[in-house]
Amino acid sequence: MDELKAQIKQMIVERLFLDVASSEMTDTAPLMETYGIDSVALFELVVGLEEEFDIELDDTDFSVEAFHDVNSIARLVKSKTD
C-alpha cells in the first residue's frame, strides 16, 4: 500500500503541477484544503488515476470522501485493481 500511495502522490504532483515534493505530501492531508485542488483539478486527477492504474471510475466512485486525501484515493484505486 505504501508503494501505491507513493505512486499516487507522484501522479498528483505531476498532473496538477503542484509546488511541493511528492515525498512531502502526507497521506492524511485534505487535498482540497491543503493543496487548493478544485473541481477542474479533480477531473484531471481522475483522468490521471484511470491512465496510471488502468482502471475505470464509475459515477458511484465520485464523492468528496473518496478524494479527500491520499489514503482515500489509495483505497479507491485498490478496490478497482483487486
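Read on for a plain summary of the structure. (Residues numbered from 1 in each chain as written. Predicted model: local features only at pLDDT ≥ 70, side-chain atom pairs only at ≥ 80, totals over all residues. Heavy atoms only, no water.)

### Some details on unusual backbone geometry
Among all residues except glycine, the phi angle is most often negative; among peptide bonds, the trans geometry is most common.
Then, in step 1: Unusually for a residue other than glycine, Phe17 sits at a positive phi of about 50°.
Then, in step 2: For Asp54, which is not glycine, the phi torsion reads 50° and is therefore positive.

### Structural notes on the environment of Ala74
Then, in step 1: Checked against the element boundaries, Ala74 lands in helix H4 (residues 70-81).
Then, in step 2: Looking at Ala74, the relative accessible area reads 0%, which means it is buried.
Then, in step 3: In this structure Ala74 touches Met1, Leu4, Lys5 and Ile8, once residues within four positions along its chain are discounted. (Helix = DSSP H or I, 4+ residues; strand = E, 2+ residues; numbered from the N terminus. Buried < 20%, exposed > 50% of the residue type's maximum accessible area, 1.4 Å probe, protein only. Contact = heavy atoms within 4.5 Å.)

### A closer look at helix H3 (residues 39-53)
Then, in step 1: For H3, which comprises 15 residues, the first-to-last C-alpha distance of 21 Å matches the rise-based estimate of 21 Å (1.5 Å per residue) to within 8%.
Then, in step 2: Within the sequence span of H3, burial applies to Ala41, Leu42, Leu45, Val46, Gly48, Leu49 and Phe53. Down the axis, H3 shows its buried residues gathered within 165° of arc, on one side only. More than 90 degrees from the buried face of H3, the exposed residues found are Val40, Phe43 and Glu51.
Then, in step 3: Here the buried face of H3 lies against helix H1 (2-16), helix H2 (31-35) and H4.
Then, in step 4: You can read the cap of H3 off the contacts: a side-chain oxygen lies 3.3 Å from the backbone nitrogen of Val40, and it is on Asp38.
Then, in step 5: Just past H3, the residue Asp54 takes up positive phi, approximately 50°. (Expected span 1.5 Å × (residues − 1). Arc of directions from axis to C-beta. Polar contact = N/O pair within 3.5 Å; in protein donor to acceptor, adjacent residues only side chain to side chain.)

### Re the pattern of salt bridges
Then, in step 1: Considering all chains together, one arrives at seven salt bridges under this definition.
Then, in step 2: A salt bridge links Arg15 to Glu51; the shortest N-O distance between them is 2.3 Å. With Arg15 in helix H1 and Glu51 in helix H3, this residue pair connects regions lying 36 residues apart in the sequence.
Then, in step 3: For Lys78, the salt bridge goes to Asp82, with nearest N and O atoms at 3.4 Å.
Then, in step 4: Among the ionic contacts, a cluster of salt bridges with common partners joins Lys5, Lys9 and Asp27. (Salt bridge = Lys/Arg side-chain N within 4 Å of Asp/Glu carboxyl O.)

### What to know about H1
Then, in step 1: Here H1 is 15 residues long and its end C-alpha atoms lie 21 Å apart, about the 21 Å a rise of 1.5 Å per residue gives.
Then, in step 2: Residues Leu4, Lys5, Ile8, Lys9, Met11, Ile12, Val13 and Leu16 constitute the buried set of H1.
Then, in step 3: Residues of H1 that are buried in the fold lie against H2, H3 and H4.

Taken by themselves, the reported measurements are silent on function.
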